[in-house]
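# Survey of secondary and tertiary structure
Now for the letters of each chain:
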Amino acid sequence: RIDGAAAARGVAAVGAAGVVLVLVHAVHRPGPHEYLHLAQGLWIALGGCVAIVAGGLWAAMDDGVVAAPAPPVAFPPLEPELPSIFAPSAAASVPPPGV
């Protein structure tokens, strides 16, 4: 099994690498600069990477709270009782004809 906090730190590290990659791309644009302009996609990518870092760090915080499973809820009895055709039979099951 993988520790959840370690996996979350890994996700945060990948997000931080994405932030660095986006910022490097913004500063050192490939190709001639007069043809390439910063577009909305760059800012969306930066925002997404920052969100990944924030989510990874948030998940990595170990506050010691372990979620307990919810207690089972019993279904209320059906009123009126179901007909006997729905009750399990004591006889052995027989396959349908032709099988």
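To be clear, the structure that these remarks concern was listed above.
An account of the accompanying structure is given in this report. From a predicted model like this one, the values you see are computed outputs, not experimental measurements. Counting starts from 1 at the beginning of each chain's written sequence and moves along it residue by residue. In keeping with the predicted nature of the model, local features appear solely for residues at pLDDT of at least 70, side-chain atom pairs appear and are counted solely at 80 or more, and the whole-chain, interface and lining totals rest on all residues. The side-chain figures draw on all heavy atoms in the structure; neither hydrogens nor water molecules are used.

Val19, Val22, Ala26, Leu42, Leu46, Cys49 and Val53 form the largest nonpolar core, which has 7 residues in total. Top contributing element to this core by residue count: helix α2 (residues 40-60), with 4 residues. Only heavy atoms enter the contact rule, under which two residues are in contact if any of them lie within 4.5 Å. If we ignore the near neighbours within four places in the chain, the residues touching Val22 are Leu42, Ala45, Leu46 and Cys49. To form a nonpolar core, buried Ala, Val, Leu, Ile, Met, Phe, Trp, Tyr and Cys residues must be joined to one another through side-chain atoms within 4.5 Å. For every residue, the accessible area obtained with a 1.4 Å probe (protein chains only) is divided by the maximum for its type, and the residue is called buried under 20%, exposed over 50%, and partly exposed between those limits. Secondary structure follows DSSP: runs of H or I at least 4 residues long count as helices, runs of E at least 2 residues long count as strands, and numbering of each begins at the N terminus.

A separate point is helix α1 (residues 4-27). For a helix, the expected span equals 1.5 Å multiplied by the residue count minus one. Over its 24 residues, α1 extends 35 Å from the first C-alpha to the last, a length consistent with the 34 Å expected when each residue adds 1.5 Å. By the burial criterion, the buried members of α1 are Ala5, Ala8, Ala12, Gly15, Gly18, Val19, Val22 and Ala26. At its buried positions, α1 is contacted by α2.

The topology assignment puts Ala16 in helix α1. In sequence terms Ala16 and Ala51 are 35 residues apart; their C-alpha atoms lie 9.9 Å from each other.

By themselves, these observations are geometric and do not establish any function.
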